[in-house]
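Report on the structure
Here are the chains, one letter per residue:
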Amino acid sequence: MTDINEIGATAFVIASIRALEDEKPEPLFSDPYARWFSNERARGAARQLDIAFPPSTTMVRFRTRYFNRFVERGIAAGARQVVLLGGGFDMRAHQYGNQDIAFFEVDQEAVLDFKRGVLERGGLAQPPSLLTNYLHADIPTSLAELGFDPAASTLIVWEGNTMYLPSGSVVPFLDRLADSMPSFRIAFDYFALDLQDRESIDPQDRERIEGVERAIGASFPTGFSDLAVFENETALRVVESGSFAELAEEYGQTETVAAYPEDWRETLKLYRYCVLERARR
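Report follows, based on the coordinates. (Residues numbered from 1 in each chain as written. Predicted model: local features only at pLDDT ≥ 70, side-chain atom pairs only at ≥ 80, totals over all residues. Heavy atoms only, no water.)

1. Concerning the packing of aromatic side chains
Short version of the rule: To pair, rings of Phe, Tyr and Trp, with the six-membered ring standing in for Trp, must have centres within 6.5 Å; the planes then decide the type, stacked if under 30 degrees apart, edge-to-face if over 60, and tilted in the middle. Throughout, exposure labels follow a simple rule: accessible area from a 1.4 Å probe, protein chains only, divided by the maximum for the residue type, with under 20% read as buried, over 50% as exposed, and the rest as partly exposed.
One pass over the full model with this rule turns up 23 aromatic pairs. Their ring planes at 80° and their centres at 5.5 Å tell us that Tyr66 and Phe67 sit as a pair that is edge-to-face. Owing to a relative accessible area of 1%, Tyr66 belongs among the buried residues under this scheme. Relative accessible area serves as the criterion here: at 0%, Phe67 is assigned to the buried category. Considering the side-chain rings of Tyr260 and Trp264, the 6.0 Å spacing of their centres and the 55° angle between planes classify their relative orientation as tilted. By the ring-pair criterion, three or more aromatic residues cluster together here, those being Tyr66, Phe67, Tyr164, Phe191, Phe220, Phe244, Tyr271 and Tyr273.

And the structure:
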């Protein structure tokens, strides 16, 4: 059984990858705060990721750009609340927040306590935060004590979480959210294959996934081969989905992805994004 606490360990690695973005010839985003959460150990893990499966860092870059766009478009469409769910060192609250947009964070205590200390040393304040294992919390009710309005249109950024969570926990968690919040969109990334039954996975795909696991020191017990499970078992509907690799053209990175061997490109198609929206039962 994978402990949700593993997600916190990966936050340093992701921050290290993001911190290097400004050095790229054509940056996909700018995260000036990422270097605050980078360290030598995390940079070493990032280098291991490049060895295990070089496109993995490319996909982190693509997904960062994608979730930025999710927030930007949601705010433009009228959302006034954003919840960063298990976001680690996500700094979108300071990149996009203003007097009209309220950000809230939900993550484990150790991660947010550390983050708060870093922000205070940098002269910034931590947004209202719920320190908990979100799989076992009544998030809307608990956040309401911090100023959150469960009835208001809300964006939930759930980046870099689902693959680490205990198998069988994701759908019930989403179902509880749908029962307690009438209007929200939640965006997440996932692997489009059954990670419980690894013998059924193509051996090359399995080898690369397990190489990434070794590099970051965490395991991936959960994936979804069919998004219909969310519509069949929750009051949510799929409003957007696709593979991050398919975004290469939009991001001006076609040549980068095209340069990878064909089997790598096929593997990349398994790493995908999804946006669910609360729908009437």
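2. A word on the layout of surface pockets
Test applied: Think of a 1 Å grid over the protein atoms and nothing else: a 1.4 Å probe that fits but is trapped marks a cavity, an open set flanked by protein within 12 Å on at least five of seven lines marks a pocket, and residues with an atom within 4 Å of a point count as lining. Grid points are joined across faces, edges and corners, and a volume is the space filled by probe spheres set on the points. Strands are runs of DSSP state E lasting at least 2 residues, helices are runs of H or I lasting at least 4, and numbering of each runs from the N terminus. Note on residue categories: nonpolar means Ala, Val, Leu, Ile, Met, Phe, Trp, Tyr, Cys or Pro, charged means Asp, Glu, Lys or Arg, and polar means any other residue, Gly included.
Estimated volume of the largest pocket: approximately 320 Å³. What lines the largest pocket is a set of 19 residues, and nearest its centre among them are Phe70, Gly74, Ala77, Leu155 and Arg185. Only α3 (55–76), β4 (154–158), β5 (184–191) and β7 (271–278) provide two or more residues apiece to the lining of the largest pocket. In terms of residue count, the dominant contributor to the lining of the largest pocket is α3 (5 residues). When its residues are assigned to classes, the lining of the largest pocket shows 8 nonpolar, 5 polar and 6 charged. The computed volume of the second largest pocket comes to approximately 280 Å³. In terms of lining, the second largest pocket is formed by 14 residues, of which the most central are Leu20, Lys24, Asp50, Thr57 and Arg61. Of all the elements in the fold, those that place two or more residues in the lining of the second largest pocket are α2 (40–52) and α3.

3. Things to note about the pattern of salt bridges
The condition is simple: Should a side-chain nitrogen of Lys or Arg be within 4 Å of a carboxyl oxygen of Asp or Glu, the pair is scored as a salt bridge.
Within the structure shown, the criterion is met by 16 salt bridges. A salt bridge links Arg69 to Glu250; the nearest nitrogen and oxygen atoms lie 2.7 Å apart. Within this pair, whereas Arg69 is found in helix α3, its partner Glu250 is found in the loop between β6 (236–243) and α10 (254–258), the two being separated by 181 residues in sequence. With a closest N to O distance of 3.4 Å, Arg198 and Glu210 form a salt bridge. Remark: Glu210 occurs in helix α8 (residues 203–216) and Arg198 occurs in the loop between β5 and α8; sequence separation between them is 12 residues. The exposure class of Arg198 is buried, given its relative accessible area of 18%. Overall, the relative accessible area of 26% leaves Glu210 in the partly exposed class. Shared partners join several salt bridges into a network, and the residues in it are Arg18, Arg63, Asp90, Arg92, Glu159 and Asp189.

4. Notes on the side chain of Gln126
This is how the line gets drawn: Polar contacts, as counted here, are pairs of nitrogen or oxygen atoms within 3.5 Å of one another; within protein the pair requires one atom able to donate a hydrogen and one able to accept it, and residues that are adjacent in sequence qualify only if both atoms are side-chain atoms. Residue contacts are defined here by distance: any two heavy atoms, one from each residue, within 4.5 Å place the two residues in contact.
Locating Gln126 in the fold gives a position in the loop between α5 (109–121) and β3 (129–131). In this structure the side chain of Gln126 is engaged in a polar contact, spanning 3.5 Å, whose partner is the side chain of Glu105. One polar contact links Gln126 to Ser129, side chain to side chain, over a distance of 3.1 Å. In contact with Gln126, not counting residues within four places along its chain, are Glu105, Leu112, Lys115, Arg116 and Leu119.

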